[in-house]
Amino acid sequence: RLCRVVGADRKEVVRVVERFREPNTGFLMPPKNVALDDNPVIDISHESLIRQWQRLQDWARAEAKSRGILLRLIEAAKLHKAGEGSLLQGQDQDKALDWQQNFRPNAEWIELNTGEDGKAALESINRFLALSSFETRRTRRNRTFLLWSLRISILLVIVVLVTALIGFFKNQRL
């Protein structure tokens, strides 16, 4: 499962995990003398490492932030589907799309963080974000159309007024 969550093959994951299980480092558990099975639980050997390892703290904060975004998107998608919520727009939509593009969540990671069917949740989020984007583009097109229609209408009114004024002044001279 760890391989699917991180999007790497077993050989790559085992290589990294084994390096940090070496006796001279021993950062990860289980210890080197315990064989890695098909679905090992990999843990940090000492909590003090977390407090002193700034990059790990940054990763943990980023992971927690991503999880928060994930949970909000799942909830927003469910509410929208039930007719009780709106599509995303503005900054909320921009942030969600940035998260989707930069973090690139996969079904395994979603399942790990929610306990739900990760594939279904990912499809729901993707559909919700796509629909939000579509609606934003449609609204912009409609707004652009209305602005151009207004501009053309104003121009036509000006042309009609100028034509009427020209006709009025021609009749005044006769």
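Here the structure is shown first, and the text comes after it.
Keep in mind the model is a prediction, meaning the values are calculated, not measured. (Residues numbered from 1 in each chain as written. Predicted model: local features only at pLDDT ≥ 70, side-chain atom pairs only at ≥ 80, totals over all residues. Heavy atoms only, no water.)

Asks: Any chance you could explain the overall build of the protein here in plain terms?
Replies: Counting its secondary structure elements, the protein contains seven helices and two strands. Tracing the protein from N to C terminus, the helices and strands come up as α-α-β-β-α-α-α-α-α. Since a compact globule built from 174 residues should have a radius of gyration of about 16 Å, the 29 Å found for the protein marks it as more spread out than a globular shape. Along the first, second and third principal axes, the C-alpha atoms of the protein reach 110 × 35 × 25 Å. Counting every position in the protein, which comprises 174 residues, the buried fraction comes to 22%. Of the roughly 13100 Å² that the protein leaves accessible, carbon and sulfur atoms contribute 58%. (Helix = DSSP H or I, 4+ residues; strand = E, 2+ residues; numbered from the N terminus. Rg over C-alpha atoms; globule rule 2.2 N^0.38 Å. Buried < 20%, exposed > 50% of the residue type's maximum accessible area, 1.4 Å probe, protein only. Areas by Shrake-Rupley, 256 points an atom, 1.4 Å probe, with all protein chains shown as cover.)

Asks: Whenever I open this one, helix H4 (residues 54-81) confuses me. Can you help?
Replies: Within an α-helix, residues lying three or four positions from one another point in the same direction, as the helix has 3.6 residues per turn. When the terminal C-alpha atoms of H4 are compared, their 40 Å separation across 28 residues agrees well with the 40 Å that a helix rising 1.5 Å per residue should span. Residues Leu-56, Ser-66, Gly-68, Ile-69, Leu-70, Leu-73, Ile-74, Ala-76 and Ala-77 constitute the buried set of H4. Positive backbone phi, at 80 degrees, marks Gly-83, one or two positions downstream of H4. (Expected span 1.5 Å × (residues − 1).)

Asks: How do you make sense of the nonpolar core when you look at a structure like this?
Replies: A general feature of soluble globular proteins is that nonpolar side chains tend to end up buried together. Membership of the largest hydrophobic core comes to 17 residues, with the highest contact counts inside it found for Leu-70, Leu-73, Ile-110 and Ile-125. Where this core is concerned, the elements lending two or more residues are H4, helix H5 (90-103), helix H6 (107-114) and helix H7 (118-173). Apart from the residues lying within four places of it in its own chain, the contact partners of Ile-110 are Leu-70, Ile-74, Pro-105, Gly-115, Gly-118, Ala-121, Leu-122 and Ile-125. Of all hydrophobic cores here, the second largest spans eight residues; its members include Val-17, Leu-36, Ile-44 and Leu-49. (Core = buried A, V, L, I, M, F, W, Y, C linked by side-chain atoms within 4.5 Å. Contact = heavy atoms within 4.5 Å.)

Asks: Could you clarify how one ought to interpret the packing of H4 against H6 in this entry?
Replies: When two helices pack together, their arrangement is given by the angle between the helix axes and by the axis-to-axis distance. Across the interface, H4 lies against H6 with an axial gap of 11 Å and an inter-helix angle of 90 degrees. With respect to each other, H4 and H6 are oriented roughly perpendicular. Residues Glu-63, Ser-66, Arg-67, Leu-70, Leu-71 and Ile-74 of H4 touch H6, and the partners they reach there are Trp-109, Ile-110, Asn-113 and Thr-114. For the contact of H4 with H6, the residue count by class is five nonpolar, three polar and two charged. (Axes fitted to C-alpha atoms, helices over the stretch in contact; angles between N-to-C directions. Parallel < 35°, antiparallel > 145°, perpendicular 65-115°, else oblique. Nonpolar A, V, L, I, M, F, W, Y, C, P; charged D, E, K, R; others polar.)

Asks: When you look at the pattern of salt bridges in this model, what are you seeing that I'm missing?
Replies: Side chains bearing opposite charge may pair, as long as their charged atoms lie close to each other. For the coordinates displayed, the defined rule picks out five salt bridges. The residue Glu-18 makes a salt bridge to Arg-21 at a minimum N-O spacing of 3.6 Å. Arg-138 serves as the salt-bridge partner of Glu-135, at 2.6 Å between the closest nitrogen and oxygen. Taken together, the residues span about one helical turn, with Glu-135 and Arg-138 both in helix H7 at a distance of three residues. A relative accessible area of 33% places Arg-138 in the partly exposed class. (Salt bridge = Lys/Arg side-chain N within 4 Å of Asp/Glu carboxyl O.)

Asks: Can you help me understand unusual backbone geometry in this one?
Replies: Residues apart from glycine generally show negative phi values, whereas peptide bonds are mostly found in trans. Residue Pro-30 is reached from Met-29 by a cis peptide bond, and omega for that bond is 5 degrees. Inspection of the secondary structure assignment puts Pro-30 in the loop between strand S1 (28-29) and strand S2 (43-44). You will see that Arg-104, though not glycine, has its phi angle at about 50 degrees, which is positive. Residue position: Arg-104 is located in the loop between H5 and H6. A residue is classified by how much of its surface remains accessible, and Arg-104, at 63% relative accessible area, is exposed.

Asks: Even after reading the chapter, I still don't get a nonpolar patch on the surface, so can you show me in this structure?
Replies: Where nonpolar side chains cluster on the molecular surface, the patch consists of Leu-150, Ile-154, Ile-158, Val-162 and Ile-166 and spans about 440 Å² of accessible area. Given a relative accessible area of 49%, Leu-150 falls into the partly exposed group. (Patch = residues over 30% accessible without salt bridge, like charges linked within 9 Å, V, L, I, M, F, W, Y side chains within 5 Å.)

Asks: Help me understand the side chain of Ser-133, please; the structure alone is not making it clear to me.
Replies: Among the secondary structure elements, Ser-133 is positioned in helix H7. Judged by its relative accessible area of 13%, Ser-133 falls in the buried class. Residues within four places of Ser-133 in sequence aside, it is in contact with Gln-93 and Leu-97.

Structural measurements only, silent on function.
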